[in-house]
Structures are given as structure tokens and as C-alpha cells.
Amino acid sequence: MRQKRSYGRVLVVSTLVGCLEVVLTIVVVVLYVQTQPPPDEAPDWVTIGGSLIATMPLFGFIAFLLSLVFVVPAVALADLIVRGLGGRAAWWPAVAAPPAVAALLAAPVLIYATHNDTDPGSTLLFWASATASLSLGALIALPRGEGLLRRVALWGAAAVVGTAVFGALGLAVGLLPAYEPPRIGPRTVTGTWFDQIGNTLVFTADGRVTSDGIGGRSVFDYPRDPAPSCSGTGTWVYEAGRDVRSQRIRVEIPGCAWPAWGVGGTARSPRIHQEIGGSGSGVLYKLRKAS
């Protein structure tokens, strides 16, 4: 005789799965960020980590509500189908019912987005991700044996820790493409570079450079490192450095006290930058090359 279903346990297991999915997503996002060019301002990981820890109860509550509204009905329907078939050869509807119910219950999100001019691709991606996430919680909560909650907690924690450890090792040994600045040269430097408001720095192949309003920073926007805009003509030289991270572009313009420009961005969309706000601030003033 099969053990009677405990829908309370289904709710708890599904909520735990939802929380583990959130933590695993955070780990994957952090690993992905390491493969991308850095933002203009380095994130404060301590603050971000503290905020995530503080909001975990909220994530847990949302996982509980989603489990109550989507997962428990999906598992109940699977049980109803199994009973309707007399329990014979009923494994396939039991497995297929939760994803089907999750997809149907998530359909109103798709309908709402369609009638509110939301991007169809983003809406479909969200709907598919929500369906997959809810279905996983339902499928994991299906077994009736003892110790399910403990096994889910142990295997889920192992999946999160394993992803973090193997991801970090992958970045360390090069299996994951950790971000590196593109290797540029004098040919790439030659041309027009501009900042966010259209000020330009023009490099010519004969080693001359012309600045038009580059570097201006008001005391209100950058109280730790204000600077007047700089315009004029001077010279430049590219230094390859020991590796891609140490390559520099030195610009000498009378009246412009600039440090060497670093290189960032990607091969398709290179950037040159200077750190502003004091040493170690992590805030970059970037110029993008005109196509």
C-alpha cells in the first residue's frame, strides 16, 4: 500500500527547492559577471552580499506563495490522474502533469504581457523559465518516501557549493573565459574616441592627438576628484606592456595633467579609461571609439 500524500510536505519541499534555485542563480550570475567587461563603477560586493542575505526571507516567502498557488495544485492533479488510471502504468502522467499545470497556471502572465506591449521574446523567456522552475519543484516533491526533505536539502546544497567551486576553478584554469581586455595597438588607437556627452579625443597616425572637452568633472558629480575639461593638441604613444592588462596609452597635452589611459571593453567595442575619485575608487571615466 502506497504512503498517503502529505501536501504540507510537498509545500515545504517545493519552497526549499525555490530558495535553492534562487541561490544557485545568484552563483551562476556572479560567475557570468566574471566573464564580462567591468562596469563604469565597480560594484560594492559587501553591500550587495548583505542586501541579498537580508532579502532571503522575502525570497523564501515568494517561493512559498508560488509553491502554494502553482506547485501544490500540479501535484494534486498528478495524484488525481494516477487514481483515475487505477495506479497502473501511471508514471508518465504523474511526471507530465506538473509541468503542464505549471505552464497553464503561468499562462496569464503571458496573456497579460501580450496585451501590454511587452517584448514577446522577453515574455516567452520569462514564462518558460517560470514554468521550468515551478515544474522542477513539483517533480522533486512527487516522491512519497521518508527523508525527502533532508535529501533535497543535502543535494541542493551540494549543487550550489559544487557550482561555485567548479566555476571558480574553471575561471582559475581557463576553462571559463574570464574577462580580459582586448589587445589593441597603434592602429586601433588611431581614430576618434568620445565620452558619454560627446566630448572627443582624436588620435592620428603621426602621433598627434586633439582633445575637445575631455575629462571635465564637476565638484558636485565628483567631489573627490573634480577636474576642468581639457582641450588642446599634443602627442600620444601606445605602450604594449607585459600583458593585456598593463597596456597603456600615454597622452601629453599642455595643461592636461592626465595619467596613462588603460584599455578595456571588447575587441569589437574597445574602451580606454582612467580611474577617477582617487586611487582604488573603482570608478572609471571611459571613452568609446567611434565606428
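One can find the structure itself at the top, above this paragraph.
Residues numbered from 1 in each chain as written. Predicted model: local features only at pLDDT ≥ 70, side-chain atom pairs only at ≥ 80, totals over all residues. Heavy atoms only, no water.

Student: Give a description of the state of the cysteines that names residues and reports values.
Tutor: One pass over the structure, following the stated rule, counts 1 disulfide. Here Cys230 pairs with Cys256 through a disulfide, and the sulfurs are 1.2 Å apart. Taken together, the positions of Cys230 in strand S4 (residues 230-239) and Cys256 in the loop between strand S5 (248-252) and strand S6 (262-265) put the pair 26 residues apart, joining distant regions of the chain. (Disulfide = S-S within 2.5 Å. Helix = DSSP H or I, 4+ residues; strand = E, 2+ residues; numbered from the N terminus.)

Student: Please give an account of the pattern of salt bridges that cites residues and values.
Tutor: In this structure the tally under the stated criterion is 1 salt bridge. Among the ionic pairs, Glu239 bridges to Arg250, the shortest N-O distance being 2.8 Å. Here the residue Glu239 occupies a position in strand S4, and Arg250 occupies one in strand S5, the gap between them amounting to 11 residues. Using a relative accessible area of 30% as the deciding quantity, one classes Glu239 as partly exposed. (Salt bridge = Lys/Arg side-chain N within 4 Å of Asp/Glu carboxyl O. Buried < 20%, exposed > 50% of the residue type's maximum accessible area, 1.4 Å probe, protein only.)

Student: Quick rundown of the pairing of strand S2 (residues 200-203)? Include the residues and the values.
Tutor: Every second residue of S2 is oriented toward a common face, the buried set being Leu201 and Phe203 and the non-buried set Thr200 and Val202. Sheet topology note: the strand S1 (residues 191-194)/S2 ladder contains 4 bridges and is antiparallel. Looking across to S2, one finds that Phe194 is bridged to Thr200. Hairpin connection between S1 and S2: a loop of 5 residues separates the two successive antiparallel strands, and Gly198 in this loop has a positive phi of roughly 95°. Relative to strand S3 (residues 208-214), S2 runs antiparallel, the two sharing 4 bridges. Its bridge partner lying in S3, Thr200 is registered against Asp212. A loop of 4 residues connects S2 with S3, the two strands running antiparallel in sequence, and Gly207 in this loop sits at a positive phi of about 90°. (Pairing = 2+ DSSP bridges.)

Student: Describe the nonpolar core, with residues and values.
Tutor: Core analysis: the largest hydrophobic core is formed by 22 residues, its most contacted members being Leu201, Phe203, Ile249, Val251, Trp258 and Trp261. Secondary structure elements with two or more residues in this core: S2, S3, S4, S5, strand S7 (270-276) and strand S8 (283-289). If we skip the residues at most four places from it in the chain, Trp261 touches Leu201, Ile214, Gln247, Arg248, Ile249, Val251, Ile272, His273, Gln274, Tyr285 and Leu287. (Core = buried A, V, L, I, M, F, W, Y, C linked by side-chain atoms within 4.5 Å. Contact = heavy atoms within 4.5 Å.)

Student: Could you give me a rundown of the packing of aromatic side chains, with the residues and numbers involved?
Tutor: Taken as a whole and assessed by the stated rule, the structure comprises 3 aromatic pairs. Both rings, one in Trp261 and one in Tyr285, keep their centres 6.2 Å apart while their planes meet at 45°; by these two values the pair is tilted. Highlighted residues: Trp261 in the loop between S5 and S6 and Tyr285 in strand S8, separated in sequence by 24 residues. Grouping aromatic residues by their ring pairs yields a cluster made of Trp258, Trp261 and Tyr285. (Phe/Tyr/Trp six-rings, centres within 6.5 Å; stacked < 30°, edge-to-face > 60°.)

Student: So what's going on with the side chain of Gln274? Which residues, and what values?
Tutor: Mapping Gln274 onto the fold places it in strand S7. Engagement of the side chain of Gln274 in a polar contact is seen with the backbone oxygen of Pro259, the distance being 3.2 Å. Look past the residues within four positions of Gln274 in its chain and what remains in contact with it is Trp258, Pro259, Ala260, Trp261, Val283, Leu284 and Tyr285. (Polar contact = N/O pair within 3.5 Å; in protein donor to acceptor, adjacent residues only side chain to side chain.)

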